[in-house]
Amino acid sequence: MIDITIVTAGDGDRSAWNALHAGFAAYYGVPQSDEMRDRVWGWIREGRLECRLALDGTGRPIGLTHFREYIRPLFAARGGFLDDLFVAPEARGSGAAAQLIRAVADIGRERGWTSIRWITRDDNYRARTLYDRVASRTDWITYDITL
């Protein structure tokens, strides 16, 4: 493991964020355009979506997470939804993913959230190994309606 620092993405991080977000999209085979990345970066700058970056010991961004608050009506509570988690291939195994998750969980505790929730693809075995260590797998099944 290497020394990892977690920071809030700022205006000066756009270029590094672009590269990481493009890597994330490529991993999942989702075509991206500049317009799409501009829209997501706009959500981050507006505060609708939060972003943390993992920096290696040299200060180079090697990972990102996007997350946001959501309400849990059944429990009359608030939680955090971890939308995206990505670590550059050359930095996998560095501990960056675990530290990004821990950072979101710490933010959630500070804000009084009752849980952090995320989804992952069934065949994302390497990431699921980490997720099984840091969280409890639920028995919920996710559905989407494409509009």
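Residues numbered from 1 in each chain as written. Predicted model: local features only at pLDDT ≥ 70, side-chain atom pairs only at ≥ 80, totals over all residues. Heavy atoms only, no water.

Caption draft 1: Region of the structure containing the sheet that holds strand S1 (residues 5–8). What the 5 strands build is an open sheet, ordered S1-S2-S3-S4-S5; its pairing is mixed. Two strands bound the open sheet, and with one partner strand each, they are S1 and strand S5 (116–117). Bridging between strand S2 (residues 50–55) and strand S3 (residues 61–72) involves 6 bridges; their strand directions are antiparallel. By the bridge assignment for S3, Leu55 is matched with Pro61. (Pairing = 2+ DSSP bridges. Helix = DSSP H or I, 4+ residues; strand = E, 2+ residues; numbered from the N terminus.)

Caption draft 2: Molecular detail of the layout of surface pockets. Looking at the largest pocket, its volume works out to about 1,400 Å³. Considering the residues around the largest pocket, the lining is formed by 35 residues, among which Arg117, Trp118, Ile119, Ser136 and Thr138 are closest to the centre. For the lining of the largest pocket, the elements supplying multiple residues, two or more each, are S3, helix H3 (96–111), S5 and helix H4 (125–134). With 7 residues, H3 is the single largest residue contributor to the lining of the largest pocket. Residues belonging to the lining of the largest pocket are distributed by class as follows: 17 nonpolar, 7 polar and 11 charged. By volume, the second largest pocket amounts to about 1,100 Å³. (1 Å grid on protein atoms, 1.4 Å probe; cavity = no way out; pocket = protein on both sides within 12 Å on 5 of 7 lines; lining within 4 Å. Points joined across faces, edges and corners; volume = space filled by probe spheres on them. Nonpolar A, V, L, I, M, F, W, Y, C, P; charged D, E, K, R; others polar.)

Caption draft 3: Spotlight on the pattern of salt bridges. Using the criterion set out here, one finds 14 salt bridges in the structure. Across the pair Glu50 and Arg52 runs a salt bridge whose closest N-O atoms are separated by 3.3 Å. Taking relative accessible area as the criterion, Glu50 reaches 19% and is therefore assigned buried. (Salt bridge = Lys/Arg side-chain N within 4 Å of Asp/Glu carboxyl O. Buried < 20%, exposed > 50% of the residue type's maximum accessible area, 1.4 Å probe, protein only.)

Caption draft 4: A look at H3. Given a rise of 1.5 Å per residue, 16 residues ought to cover 22 Å, and the 23 Å separating the end C-alpha atoms of H3 matches this to within 8%. Packed against the buried residues of H3 are S1, S2, S3, strand S4 (77–87), S5 and H4. With its phi angle positive at about 80°, Gly112 sits one or two positions after the end of H3. (Expected span 1.5 Å × (residues − 1). Contact = heavy atoms within 4.5 Å.)

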